[in-house]
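# Geometric and topological summary
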Amino acid sequence: MNLSAALALLTVLASPAVADGFTVSSYTAAAIETAPEVRSAADAYAAADAALKGQAAAMILPTLSFAYNQYPYGHDPLGSYRYEHGRFAPRLGQAVTTANWNLFNSFQDLQKTRAAALARRAARSALTAAKQDRAFAAISAFYDLDSKTELLGVAQQNLKDQKQQYDQSLDLYKHGMKSLADLLKSETDWRSSELRIISAEADRKTALLAFNTLIDRGALDEAALTVNLQAGTTALPPVAADMVRALEIRPEVAKAREELDGARVALQQAVEGILPTLRVDAAWNKTRYADFPGAGSTIPNPNYNVGLTLSLPIGFNGFTQAWAISSARAEQRRAEAARRAAERTVKAELYTAYINLERVSSSYSVALLKEDISAKSLELVGRQYQQGAADAIRMNQAQNDYLNARVERALALHDIFIDRARYKRAVGDPLW
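For the structure given in this document, a descriptive report is provided here.

### Notes on the overall build of the protein chain
Per the secondary structure count, the protein chain includes 10 helices and 6 strands. Taken over the C-alpha trace, the protein chain has a radius of gyration of 37 Å; the compact-globule value for 432 residues is 22 Å, which it surpasses by more than 25%. C-alpha extents for the protein chain along the principal axes are approximately 130 × 50 × 35 Å. Burial statistics for the protein chain: of 432 residues in total, 38% are counted as buried. Looking at the protein chain alone, contacts between residues at least 24 apart form 79% of all its contacts between residues at least 6 apart. Taken as a whole, the protein chain presents about 23800 Å² of accessible surface, with 59% of it coming from carbon and sulfur. For the protein chain, the separation between the mean place of its 49 positive charges and that of its 47 negative charges on side chains is 6 Å.

Right, dumping it as structure tokens:
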């Protein structure tokens, strides 16, 4: 991580939201900042941006060159091949300054600049896609950790209730109101709750590990989360309209389109490689001759000109250029297939995300009702159990129904937030 990235991360971690607990936005920002994939994509974009600027400068600006020659030992061609014995002096050398400005070269520089511009756009799309992937991973890890923490709390409460039931069953058994079978069933349920606690603790540690890994924290460092779990409206998004938008703004599709455009430019360059090249150059030269008698030239100094050059491509033999065109056409077909595959993937991801969001929204509504009903049922069966009108099996069933309802409600609520983020990612809307 470079210095600027480290300072940005420290700013995020030192913000009031993180000081009181990670929010989903602060955690997502930290995950993006520490992601090596995002840093790599950002560097690739910076390289492509610099390459485009360099190519644009090469296309537009003139070039300046400077050369200095001197022969301090041996036969000096600047001094009528007079033999020198190691004499060195600045005035005994020849300095040549040349300015050259290419005015036209059969649009070769323009094509190179177009290719560089498309490469930069593709790199920018790749950077956006990397940020989206890391942001979604962060949102999923955030809500998964909160979900596992809540499920651990549910398991702990269930263990407490099962222990309380066992104590109650033991008291009723001592007074002859419950059978030994009921007592053993209660103890079995209590031990099952202990096993559930072990599993819930392991699940939370796994979620905590994933949470910390994304922001380079210690593997099992505790994390306080500030979560606003208000499901809000359950209205489903307009998937048909979003599909049109997704095919326009999804970075993966944009990158595939830009690579296809780049392949088309490469094909044009390959075709141009078989044609003669016309160059128009403006040149200016000035020479400072060596300080020898007779040194110099009758050529005007400085001198300048505008020259026209018509030539075949370097290394022209027909076969090389033909195979270059064939290769470029194959690459264009590959890029076209990649674009269609990217669009197909986007369609599948968007409809899958929509179906999941539809399912979890409906599931959450039912889970709320189920939790309320199972709580009332448990309260009713609990009173009957105390009065001896219900056995341990029925009591255990009521407790399990309430436990499952709480788990289903918690999972559905957290899944709503994760699937909303998944849908936004499928559309292409920024998650950070």
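That covers the picture; the talk isn't over yet.
### Considerations on the pattern of salt bridges
In total, this model carries 31 salt bridges according to the counting rule given. In this structure, E252 and R250 form a salt bridge, with 2.8 Å as the shortest nitrogen-oxygen distance. Among the residues examined, E252 registers a relative accessible area of 27% and is labelled partly exposed. Linked by salt bridges that have partners in common, E336, R339, R340 and E343 make up one network.

### Looking at a nonpolar patch on the surface
The grouping of F66, Y68 and F88 at the surface amounts to a nonpolar patch, some 370 Å² of accessible area in total. Taking the relative accessible area as the measure of exposure, Y68 reaches 34% and is therefore partly exposed.

### Thoughts on the sheet that holds strand β6 (residues 303-311)
With respect to topology, 4 strands assemble into an open sheet ordered β1-β4-β5-β6, the strand pairing being antiparallel. Of all the strands in the sheet, just β1 (63-69) and β6 have a single pairing partner and so form its edges. Direction aside, the axes of adjacent strands within the sheet are offset by 25° on average. Of the strand pairs in this sheet, strand β5 (residues 277-288) and β6 are connected by 9 bridges, and their pairing is antiparallel. Following the sheet pairing, A283 is matched in β6 by N305.

### Points about helix α8 (residues 251-272)
Spanning 22 residues, α8 covers 31 Å between terminal C-alpha atoms, matching the ideal 32 Å at 1.5 Å per step. When we look at burial in α8, the residues that qualify are P251, V253, A254, A256, E258, L260, A263, V265, L267 and A270. Against α5 (108-174), α7 (239-249) and α9 (319-386) lie the buried residues of α8.

### Structural notes on the nonpolar core
Of all hydrophobic cores here, the largest spans 49 residues; its most connected members are F22, Y27, F211, I215, L350 and Y423. Broken down by secondary-structure element, the contributors of at least two residues to this core are α3 (24-34), α4 (36-60), α5, α6 (180-213), α7, α8, α9 and α10 (392-427). The dominant element in this core, judged by the number of residues it contributes, is α5, at 10 residues. Sequence-distant contacts of L350, defined by excluding residues within four places in its chain, comprise V239, D242, M243, A246, Y423, A426 and V427. Formed by 8 residues, the second largest nonpolar core is a distinct cluster that contains L172, V381, Y385 and A398.

### Focus on the side chain of N396
Mapped onto the fold, N396 is located in helix α10. Taking relative accessible area as the criterion, N396 reaches 11% and is therefore assigned buried. Setting aside chain neighbours within four positions, we find N396 in contact with Q162, K185 and D189.

### A closer look at the environment of S199
Within the secondary structure layout, S199 lies in helix α6. Sequence separation between S199 and A155 is 44 residues, and the spatial gap between their C-alpha atoms is 9.4 Å.

### A short note on the packing of aromatic side chains
The relative placement of two aromatic rings is captured by the distance of their centres and the angle of their planes. Per the counting criterion, the structure on display carries 11 aromatic pairs. Between F22 and Y27, the ring centres sit 6.0 Å apart and the planes meet at 85°, which makes this aromatic pair edge-to-face. Exposure remark for F22: the relative accessible area of 5% places this residue in the buried category. Of the residues examined, Y27 reaches a relative accessible area of 0% and is grouped as buried. Residues Y73 and Y83 carry aromatic rings whose centres are separated by 6.0 Å and whose planes lie at 65° to one another, so their mutual orientation is edge-to-face. Separated by 10 residues along the polypeptide, Y73 in strand β2 (residues 73-76) and Y83 in strand β3 (residues 82-85) bring together distant segments of the chain.

### Observations concerning α7
Those residues of α7 lying buried are V239, D242, M243 and A246. Considered in projection along α7, the buried side chains sweep an arc of 110° and stay on one side of the axis. Of the residues in α7, the exposed ones pointing more than 90 degrees away from the buried face are A240, V244 and E248. Here the buried face of α7 lies against α9 and α10.

Calculation notes
Residues numbered from 1 in each chain as written. Predicted model: local features only at pLDDT ≥ 70, side-chain atom pairs only at ≥ 80, totals over all residues. Heavy atoms only, no water. Helix = DSSP H or I, 4+ residues; strand = E, 2+ residues; numbered from the N terminus. Rg over C-alpha atoms; globule rule 2.2 N^0.38 Å. Buried < 20%, exposed > 50% of the residue type's maximum accessible area, 1.4 Å probe, protein only. Contact = heavy atoms within 4.5 Å. Areas by Shrake-Rupley, 256 points an atom, 1.4 Å probe, with all protein chains shown as cover. Lys, Arg positive; Asp, Glu negative; His and termini not counted. Charge placed at Lys NZ, Arg CZ, Asp CG, Glu CD. Salt bridge = Lys/Arg side-chain N within 4 Å of Asp/Glu carboxyl O. Patch = residues over 30% accessible without salt bridge, like charges linked within 9 Å, V, L, I, M, F, W, Y side chains within 5 Å. Pairing = 2+ DSSP bridges. Axes fitted to C-alpha atoms, helices over the stretch in contact; angles between N-to-C directions. Expected span 1.5 Å × (residues − 1). Core = buried A, V, L, I, M, F, W, Y, C linked by side-chain atoms within 4.5 Å. Phe/Tyr/Trp six-rings, centres within 6.5 Å; stacked < 30°, edge-to-face > 60°. Arc of directions from axis to C-beta.

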